[in-house]
Amino acid sequence: MKLNAKFISSYDDYKKCPENSLPEYAFIGRSNVGKSSLINMLTGVKNLAMTSSKPGKTQLINMFNIEDSWILTDLPGYGFAKASQSSRIKWGRMVHDYLKNRANLTNVFLLVDSRHDPMKSDLEQVSWLASNGIPFSLVFTKADKQSVTQTNRNLAQWAKVLGEDWEELPKSFTTSSESGKGKEELLAYIHEINQQISK
Ligand SMILES: Nc1nc2c(ncn2[C@@H]2O[C@H](COP(=O)(O)OP(=O)(O)O)[C@@H](O)[C@H]2O)c(=O)[nH]1
Ligand SMILES: [Mg+2]
């Protein structure tokens, strides 16, 4: 299934993002976590996330209109080992300002690699989102890369670590952009929220 997905534009500041009344879903995660691949897999549009990642555009807020019914926002990745201190600060300001201030932001999908135990930078984002009261879900990517047993072990580790700080665990999805795993569940979740909002 292919969704009707149109690139809107790229922005370097949430204040420049056009006002929109459609529900908006932001995708965020470490560089290389599989964000572009997931966006392409979800929409069924090959290279959708690439269309906007021309050199110099990858550090921007990229917006897509999906089926004229919701907005998908692709945010720049974090946790880049070689990133300078100043670029980290710039990333934090741009992304966190957007997440805190975007009026129609409905849910954040925080992507984490299903092959690893929680990483410090991922846990920092979880804490930041939770303490700012921003609704988010976890998406465990690249599930095809290891056995189901190993994935479940890592998910259990995540649950354990989050359980130390939070009473309630966020909704989570396990995905593979290779096999399409998780596509239906994720799109159904977005659809369900959109329907609730429009009531
Ligand atoms: N096997 C497998 N590889 C993946 C998956 N998702 C992404 N990749 C690979 O991981 C690398 C980084 O993916 P990309 O989508 O560019 O990550 P981004 O930096 O988060 O946008 C690429 O080589 C992808 O082909 C997945 O679900 N399964
Ligand atoms: Mg990418």
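These remarks concern the structure in this document. Every chain's residues receive numbers from 1 upward, in the order its sequence appears when written. Following the order in which they are written, the chains are lettered starting with A and the ligands numbered starting with 1. In keeping with the model being predicted, local features are shown solely for residues with a pLDDT of at least 70 and side-chain atom pairs are shown and tallied solely at 80 or more, while totals for entire chains, interfaces and linings include all residues. Only heavy atoms go into the side-chain values, all of them from the structure, while hydrogens and water stay out.

### What to know about the site of ligand 1
Phase 1 of the analysis: Only heavy atoms are used to decide nearness, and a residue is near a molecule or strand if one of them lies within 4 Å of it. Neighbouring ligand 1 are 14 residues; Asn32, Lys35, Ser37, Asp144 and Ser177 lie closest to it.
Phase 2 of the analysis: Each polar contact in these results corresponds to two N or O atoms within 3.5 Å; when the atoms are within protein, one needs to be able to donate a hydrogen and the other to accept it, and residues that are neighboring in sequence are counted only if both atoms are side-chain atoms. One of the backbone N or O atoms of Asn32 is found 2.8 Å from an oxygen atom in ligand 1.
Phase 3 of the analysis: In this structure, Asp144 approaches ligand 1 through a side-chain N or O atom, which is 2.7 Å from a nitrogen atom.
Phase 4 of the analysis: Per-residue accessibility takes into account occlusion by the displayed protein chains alone, with areas from the Shrake-Rupley method and a 1.4 Å probe. Taking 580 Å² as the accessible area of ligand 1 by itself, protein coverage stands at 71%.
Phase 5 of the analysis: Under the grouping applied here, Gly and all other residues not named as nonpolar or charged are polar, the nonpolar ones being Ala, Val, Leu, Ile, Met, Phe, Trp, Tyr, Cys and Pro and the charged ones Asp, Glu, Lys and Arg. Of the residues belonging to the shell around ligand 1, the class tally is 1 nonpolar, 7 polar and 6 charged.

### A few points about the sheet that holds strand β1 (residues 5-11)
Phase 1 of the analysis: Pairs of strands are assigned from DSSP output, requiring at least two bridges between the strands. For the purposes of this entry, the term helix denotes a DSSP run of H or I that reaches at least four residues, the term strand denotes a run of E that reaches at least two, and both are numbered from the N terminus. If you trace the 7 strands from one edge of the open sheet to the other, you get β1-β3-β4-β2-β5-β6-β7, paired in mixed fashion. The open sheet has two edge strands, β1 and β7 (172-174), and neither has a second partner. Across this sheet, the average inter-strand angle for adjacent strands is 25°, counted without regard to direction.
Phase 2 of the analysis: Of the pairings in the sheet, the one linking strand β5 (residues 105-113) to strand β6 (residues 136-141) comprises 6 bridges and is parallel in character. Bridge pairing in β6 links Val108 to Phe136.
Phase 3 of the analysis: In this fold helix α3 (residues 85-101) packs onto β1, β2 (24-29), β3 (61-66), β4 (70-74) and β5, with an angle of close to 150° to the strand it touches most, β2. A fitted line through C-alpha atoms represents every axis, and for helices the fit uses only the stretch in contact; the resulting angles, taken between N-to-C directions, go from 0 to 180 degrees. Contacts between residues were defined by any pair of non-hydrogen atoms, one from each residue, lying within 4.5 Å.

### Some points on helix α4 (residues 120-131)
Phase 1 of the analysis: What a helix should span is 1.5 Å times the count of its residues minus one. Between its first and last C-alpha, α4 extends 16 Å over 12 residues, near the 16 Å set by a 1.5 Å rise per residue.
Phase 2 of the analysis: Those residues of α4 lying buried are Ser121, Asp122, Gln125, Val126, Trp128 and Leu129. Along the axis of α4, the buried positions cluster into a sector of 165°, meaning they face one direction only. In α4, the exposed residues that point more than 90 degrees away from the buried face are Lys120 and Ser131.
Phase 3 of the analysis: On its buried side, α4 packs onto α3, β5, β6 and α5 (148-165).
Phase 4 of the analysis: Immediately downstream of α4, the backbone of Gly133 shows phi near 65°, a positive value. Burial classes: relative accessible area under 20% of the type maximum marks a residue as buried, over 50% as exposed, and values in between as partly exposed (1.4 Å probe, protein chains only). Arc definition: it is the arc formed by the directions from the helix axis to the C-beta atoms.

### Focus on the pattern of salt bridges
Phase 1 of the analysis: The term salt bridge refers to a side-chain nitrogen of Lys or Arg lying within 4 Å of a carboxyl oxygen of Asp or Glu. Throughout the structure, instances matching the rule amount to 6 salt bridges.
Phase 2 of the analysis: Between Lys16 and Asp12 there is a salt bridge; the shortest N-O distance is 2.7 Å.
Phase 3 of the analysis: Close ionic contact of Lys35 with Asp74 constitutes a salt bridge, the shortest N to O distance being 2.5 Å. Here Lys35 is found in helix α1 (residues 35-43), whereas its partner Asp74 is found in strand β4, with 39 residues between them in sequence. For the residue pair Lys35 and Asp74, the accessibility class agrees, reading buried in each case.

### Quick look at the packing of α4 against α5
Phase 1 of the analysis: With their axes 12 Å apart at the nearest point, α4 and α5 run at an angle of 50° to one another. If you check the angle between α4 and α5, you find them oblique. Every pair of crossing elements has a handedness; the one defined by α4 and α5 is right-handed. Only Trp158, Val161 and Leu162 of α5 make contact with α4, whose side of the interface consists of Asp122, Leu123 and Val126.
Phase 2 of the analysis: Here the residues of the contact of α4 with α5 are counted per class, giving 5 nonpolar, no polar and 1 charged. What sets the label is the angle itself: under 35 degrees gives roughly parallel, over 145 gives roughly antiparallel, 65 to 115 gives roughly perpendicular, and the rest give oblique. Two helices that cross are described as forming a left-handed crossing if the nearer one is turned anticlockwise from the farther one by less than a right angle, and a right-handed crossing if clockwise.

### Examining α5
Phase 1 of the analysis: The first and last C-alpha atoms of α5 sit 26 Å apart over 18 residues, in line with the 26 Å expected at 1.5 Å per residue.
Phase 2 of the analysis: Those residues of α5 that fall on the buried side of the exposure criterion are Thr151, Asn154, Trp158 and Leu162. Viewed along the axis of α5, the buried residues span an arc of 70°, placing them on a single side of the element. The outward face of α5, more than 90 degrees from its buried face, is lined by the exposed residues Thr149, Lys160 and Glu164.
Phase 3 of the analysis: The secondary structure elements touched by the buried residues of α5 are β5, α4, β6 and β7.

### Here we look at unusual backbone geometry
Phase 1 of the analysis: Phi angles above zero are rare outside glycine, and Asn32 is one such case at about 80°.
Phase 2 of the analysis: With respect to the helices and strands, Asn32 occurs in the loop between β2 and α1.
Phase 3 of the analysis: Residue Asn32 is classed as exposed on the basis of its relative accessible area, which comes to 70%.
Phase 4 of the analysis: With a phi close to 60°, Lys142 is a non-glycine residue in the positive phi region.
Phase 5 of the analysis: Along the chain, the position of Lys142 falls in the loop between β6 and α5.

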